[in-house]
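Coordinates in review
Here are the chains, one letter per residue:
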Amino acid sequence: MGWASVVAVLLTATPTFVTRGDVTPESDLRREAEAGWAALESVYAAEAGGAPVKAPASIILQRGVALSPERNAQGRPGLVELRQNTPGVLDERLRVALRHELAHQLLWWACPQSSEDRLFHEAFAVALSGELPAWREGPYQSLSRAASELAAAPAVDSSRARRALARLLSETVGFPKALSRRLRQCHDGARWVVPLSIDELADVQVRAAGPATVVVSRHSGEVLLSEGEVRRALPYGSVLKPFVYAAGSGHPVLAPRVDVQEWACGPGLPAKVDARTALLRSCNGYFLDWETQGSAPKGFGAWEPVLSVLGLTGTPVDMADVVGLRSTLALSPWGMAQAYRLLAEARPDVVGLLADNAARGTLAELPASKALVGVATKTGTVRDAASRPQYGWIAAVDGDLVVVAVRPGKMPRQFAEEIPAALAKARKQAGVEAARVQVLGLVPAREVEARCAGAGFTVDNGLPKVAPVEWARLEGLTARGAAVCLGAPWRVRFPKGPEEGRDYAGVFTWSPPPAYRPPAGVPTSPSALKARRGSDFVFRTTRLQYTAGVVSAEDVTLKGEARLALARVVAHNEQHSRHPGRAVCDTTHCQAFRGTVRVPRDDAKALRLPALKWREWLLFSQGGQEPWTQERPRVDVERLLGKGLVSLRFEAGRVQYLLTEKEGASTFESGRSLPCELLRSGLKLPSCPRTASFNGDALVFEGRGRGHGEGLDVEAAKSSGLRSDAILENAYGQSRPEPRDVD
C-alpha cells in the first residue's frame, strides 16, 4: 500500500468523538483527541504493515466521576473517562491520560484479539502516550528488579508496575520490536493464544526461572492448577520428542553407535533400537540418525503449526533443535500442556506408548514409578555447556488430566514424585472426570457453526489440521475426527439461537445415532422424535462443567440446598443415560444443556457429596403452584390422541379420554388412556393439565406449575428448608419403578 493510500485510509478511519460538556473546552478536547488518534494510527500502520480497513465506532469523552486517586483516566470500548482538575484547562497531565486511553481504544478497534492481554495493551499505551519520560524519573531500577515488579502485578494496574514497564520499554531504541511483531500479528488476523511475556518485551531473559507446574483438563481445556510462571517460555529438552514420533511414519529400526554420547540412553540397550524404545529411553542418537537417513519429518511436521501457535519461539533448523540438544527454542509449560492435550486426542496410541515410561523408560526403577503406572509421561533435560542440568521437564497425561512440571537445576528423576502429587491435588477438585452429552439434536447439523477464539484444530487421520479462524460448520470440523479448541472454549451458534452464540468448553465429535422407532401406538410429536433420536454431535467436557451447564439451563436462579439437590440429580443422570449405549441428550427428553458456564460454588460442592443410591434415571421438573391457562387448536390435540375426541380428564399422571368411532353402521365411544406427559410435551404445555374444556375449534387447558410433575419438584425444594439429602429422599423415596419413556 502506497503512502498516499495509507493517508486516505487513515483519514476515513478517524472515529467521531462525542463530548458531554463536562470536560471543557469541548472543541479543544475533540481536536486533541483527533490529533492523538491520527498519531497513534500512523504508528500502527507503519509497524503493522497497513491500516485497519474497517471503520471505527464513535468514542464518548466524558468526565470520570468514580476515578481512583491514582488514575487520571480510564475507559472501556467506546468510552473514555477523564479527570479535569481545573474546568476549562486541558493541562499536560490530562492530554497524556487522553492519549493513553486512546491507545487502548485503537487496539480494541484494530486488534480485538489482544483485548485480554493486559501487558501488551499497557506497553503500547505507555510507549505512545508521551508518559515515558515522567516514569523514568526517580531512583535507578535494574532490569531484573523491574521484571520482578511487573511479574508481581500482571494486570499492570499500579504505579509501581507501570514504572517497571517503562523501565523495560527504555531498553529499546525507537518503537519496541516485540510490539511491532505483535502489531503485525494483529494486522494479519492471527490468533492471540500466547500473551506478550516480560522476556519477549525486554527482548532478553531478565529473570531466573522458578519452578512451574500446570494441570489442564483433557476434556474442557481448563487450567485446574497453576503454580509459578507457567506462561514463561523455556528451553524444553527432549520433552517434545513424542510430536516428532507422531509426525513421522515408517519409523526405522537403527543400530546404536558405540561411544557416541547421543546414543548413551541407559544400560542394556538392544542391538537394534526401534522408535518406541528410542522414545521411552529418550535416545537422541536415534532421532539424529533418523534425520541423517532422510526419512524423518522436517521439524515437527504436521505438529509444527500447533506448537507455533502455542508459543514455540522459532522454527527448528534441524533435529538438534527439535529434540532440544540446542537450547535455541523455547515453549511455556502452559503451551506444552495444551499441545499434549491435542496429542492425546489425535494420537491415543502415542500416549499409550508413553504409559510404559514408568516401567521401562526414563522414569523406571524409582520410588515414584509405581504411582505412575498407567500414566503417560515424557521427560526432558536442558543442560549447560558443562552438562549440568538447567531445567528438568516432565509432561504427564492420564485419562482426565495433563500435567507439565519444570524444575530449574534438577533432573526429571529427581522430582518424579511430584507428578502423582500434582495429579492428586488436581483430582481433589470435584468433577474433573469426563462427561459426554449429545448436543444440538433439534437443530439441523448443517446449520450449526462453531468458532475457536484460541487455537482451533480438527483431527484428520491422527494429524492436526488448523481450523478456520472465522465461523465454520461444526459438521465439517468434526467430519474426520475430534474438534479441539486450545486456550478457549468453542463458540457455537445456530439459527434462532443467541446471535453471539454459546460457549462449549470441551471436545466435539461426529457420532450419528441409530434410527429411532417410537413404540407402536404411542403418539409422538416431530420434536419428540428428534429428541428421542439424539444428536449427530457428541460433546465431551468435565462432569462439573456439564452439571453446572444443566443446572443453569434448568433454573439459573437456584441456590442453596435446592441447587445442591438438583445438581446431584443432574450428575447422577449423566451416568444413567436414557439413550442406551449413547451419551445423555441435551433436550428436555433428558435434561437441558445449553453450553458451559462459570461454575457456581454450590455445583462443585454437590459433586463432592456421596453418589446417589438409585440406579436409574431420576425425573425432575420445575414444579410449583403458579396457575396457568393455555389454548390449543383441536386439530393439534387430535393429532396426538386421535380424531373424534369427545372428552378428556386427568388423574394419577394420565389422560383419560373418549373418541367417537364407527364400525360399519354403528357409532360408539371408546375410552383410551395415555401418560399425561405425552400430551403435555406434544402440545408444549407448562405441566400436565388439571382440566380441559372445549371452546369451538380449540381446547382450553388449565393447570399449575411447570414440568411433568414427577420426581424432584424444584420449586417445592426451594421452599422446603430441607437439606439436599432430605429433599432427594422425599422426591424419590427408598426405591423407584423404571421411568416411563416420556419426553
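All values reported here derive from a predicted model rather than from experimental measurement.

Cut-off values and rules
- Residues numbered from 1 in each chain as written.
- Predicted model: local features only at pLDDT ≥ 70, side-chain atom pairs only at ≥ 80, totals over all residues.
- Heavy atoms only, no water.
- Buried < 20%, exposed > 50% of the residue type's maximum accessible area, 1.4 Å probe, protein only.
- Helix = DSSP H or I, 4+ residues; strand = E, 2+ residues; numbered from the N terminus.
- Contact = heavy atoms within 4.5 Å.
- Pairing = 2+ DSSP bridges.
- Axes fitted to C-alpha atoms, helices over the stretch in contact; angles between N-to-C directions.
- Phe/Tyr/Trp six-rings, centres within 6.5 Å; stacked < 30°, edge-to-face > 60°.
- Arc of directions from axis to C-beta.
- Disulfide = S-S within 2.5 Å.
- Core = buried A, V, L, I, M, F, W, Y, C linked by side-chain atoms within 4.5 Å.

The buried fraction of helix α4 (residues 118-128) is high, at eight of eleven residues. Listed as buried for α4 are Leu119, Phe120, His121, Glu122, Ala123, Phe124, Ala125 and Val126. Packed against the buried residues of α4 are α3 (92-110), α5 (132-136), α6 (143-152), α7 (159-169), α8 (177-187) and α9 (198-202). Positive backbone phi, at 90°, marks glycine 130, one or two positions downstream of α4.

With antiparallel pairing, three strands are arranged side by side in an open sheet as β22-β27-β26. Two strands lie at the open edges of the sheet, namely β22 (623-633) and β26 (691-695), each paired on one side alone. Within the sheet, the average angular offset between the axes of one strand and its neighbour, ignoring direction, is 20°. As paired strands, β26 and strand β27 (residues 698-706) are joined by five bridges and run antiparallel to one another. Bridge pairing in β27 places phenylalanine 694 opposite leucine 699.

Attention shifts here to the packing of aromatic side chains. Evaluation of the coordinates by the stated rule reveals 17 aromatic pairs. Ring geometry for phenylalanine 120 versus tryptophan 192: centroids 4.8 Å apart, planes at 50°, classification tilted. Of this pair, phenylalanine 120 sits in helix α4 while tryptophan 192 sits in the loop between α8 and α9, and the two are 72 residues apart along the sequence. Grouping residues by exposure puts phenylalanine 120 and tryptophan 192 together as buried. Here phenylalanine 124 and phenylalanine 175 contribute two aromatic rings whose centre-to-centre distance is 6.5 Å and whose plane-to-plane angle is 80°, an arrangement assigned as edge-to-face. Of this pair, phenylalanine 124 sits in helix α4 while phenylalanine 175 sits in the loop between α7 and α8, and the two are 51 residues apart along the sequence. In this structure, phenylalanine 124 and phenylalanine 175 share a single accessibility class: buried.

Attention shifts here to helix α24 (residues 634-641). For α24, every residue scored as buried is listed here: Val637, Glu638, Leu640 and Leu641. An end-on view of α24 places all buried positions within 160° of arc, on one side of the element. On its buried side, α24 packs onto β22, β23 (645-651), β24 (654-663), β25 (666-675), α25 (676-683) and β27.

A disulfide bridge is the covalent bond that connects two cysteines by way of their sulfur atoms. Throughout the structure, instances matching the rule amount to five disulfides. Note on cysteine connectivity: cysteine 111 is disulfide-linked to cysteine 186, with sulfurs 2.0 Å apart. An S-S torsion of about -65° defines the bridge between cysteine 111 and cysteine 186 as left-handed. Pair noted here: cysteine 111 is in the loop between α3 and α4 and cysteine 186 is in helix α8, with a separation of 75 residues, a long-range link. Bridging cysteine 676 to cysteine 688, the disulfide has an S-S length of 1.7 Å. With the S-S bond torsion at 110°, the cross-link from cysteine 676 to cysteine 688 turns out right-handed.

Now for the pairing of strand β3 (residues 73-76). Across four bridges, the pairing between β3 and strand β4 (residues 79-82) is antiparallel. Its bridge partner lying in β4, arginine 76 is registered against leucine 79. Where β3 folds back on β4, the antiparallel hairpin that results is connected by two residues, among which glycine 78 adopts a positive phi of roughly 90°.

Attention now moves to the environment of glutamate 171. Relative to the helices and strands, glutamate 171 resides in the loop between α7 and α8. Taking the C-alpha atoms as reference points, glutamate 171 and lysine 272, 101 residues apart in sequence, are found 53 Å from one another.

So, about the nonpolar core. Counting 69 residues, the largest nonpolar core has Tyr236, Tyr286, Phe300, Tyr340 and Trp393 as the members making the most contacts within it. Here this core gets nine residues from one element, more than from any other, and that element is helix α15 (residues 333-346). Not counting residues within four places of it along the chain, the set of residues in contact with tyrosine 286 comprises His251, Pro252, Leu254, Trp263, Val273, Asp274, Ala275 and Ala278. Within the second largest apolar cluster, 56 residues are counted, among which are Leu440, Val448, Leu558 and Tyr732.

Across the sheet, which stays open at both edges, the five strands sit in the order β6-β5-β9-β8-β7 with antiparallel pairing between neighbours. Of all strands in the sheet, those bounded by a partner on one side alone are β6 (223-227) and β7 (376-383). Across this sheet, the average inter-strand angle for adjacent strands is 10°, counted without regard to direction. As paired elements, strand β5 (residues 212-217) and strand β9 (residues 401-408) share six bridges and run antiparallel to each other. Bridge assignment links valine 214 to a residue of β9, and that residue is valine 404. Seen against the sheet, α15 touches β5, β6, β7, β8 (389-397) and β9 and runs at an angle of roughly 30° to β5. The strands that helix α18 (residues 418-427) touches are β5, β6, β8 and β9; relative to β9, the one it contacts most, it runs at about 135°.

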